[in-house]
Amino acid sequence: MKQILSAISLIVADYDEAIEFYVTKLGFDLLEDMPLSADKRWVRVAPPNACAQGSSLLLAKAASENQNKAIGNQTGGRVFLFLHTDDFERDYSRFKHAGVNFREEPRNESYGRVVVFEDLYGNLWDLIQNNSASDE
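Chemist: Let's hear about the nonpolar core: which residues, and what values?
Modeler: Formed by 29 residues in total, the largest nonpolar core has its most connected members in Tyr22, Leu57 and Leu59. Sorting the residues of this core by element identifies strand S1 (8–12), helix H1 (15–25), strand S3 (41–46), strand S4 (57–61), strand S5 (79–84), helix H3 (88–97), strand S7 (112–118) and strand S8 (124–130) as the ones contributing at least two each. Broken down by element, this core gets its largest block of residues, five residues, from H1. Ignoring sequence-local partners within four residues, the contact set of leucine 57 consists of Ile8, Leu10, Tyr22, Phe28, Val43, Arg44, Val45, Leu81 and Trp125.

Following this line, the structure appears as structure tokens:
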């Protein structure tokens, strides 16, 4: 049996502002943007080359008061998503130049170099470059 995690739903306030953040500031690819109804779209974004591995974010516009309350706090303030990179300094510099908000200065851990940043709604991410060459 073969299984992959293909998409993670991320609740957003607005499709277009979320696309703008992920595509322009983080450099993600817009994989799909398909209308499903007058106010609902199927929108998927992913880091460059991630599509081949099957992982993407499904940007899901909040459709209820409970969902609105979860925007920016989908994990109760814990780091939610982990973006691995093959060049930490390149991506850190690019994100910083694009205005991405970092919660701390980059640090070295036993597993590699890491820094916590926020998406446009305040969800926390780790930008990580592992020490292991096999993860690059």
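This is not the end of the story, as more comes after the structure.
Chemist: With reference to specific residues and values, describe the side chain of asparagine 130.
Modeler: Examined against the element boundaries, asparagine 130 turns out to sit in strand S8. Given a relative accessible area of 18%, asparagine 130 falls into the buried group. In this structure the side chain of asparagine 130 is engaged in a polar contact, spanning 3.3 Å, whose partner is the side chain of histidine 84.

The rules behind the values
Residues numbered from 1 in each chain as written. Predicted model: local features only at pLDDT ≥ 70, side-chain atom pairs only at ≥ 80, totals over all residues. Heavy atoms only, no water. Core = buried A, V, L, I, M, F, W, Y, C linked by side-chain atoms within 4.5 Å. Buried < 20%, exposed > 50% of the residue type's maximum accessible area, 1.4 Å probe, protein only. Helix = DSSP H or I, 4+ residues; strand = E, 2+ residues; numbered from the N terminus. Contact = heavy atoms within 4.5 Å. Polar contact = N/O pair within 3.5 Å; in protein donor to acceptor, adjacent residues only side chain to side chain.

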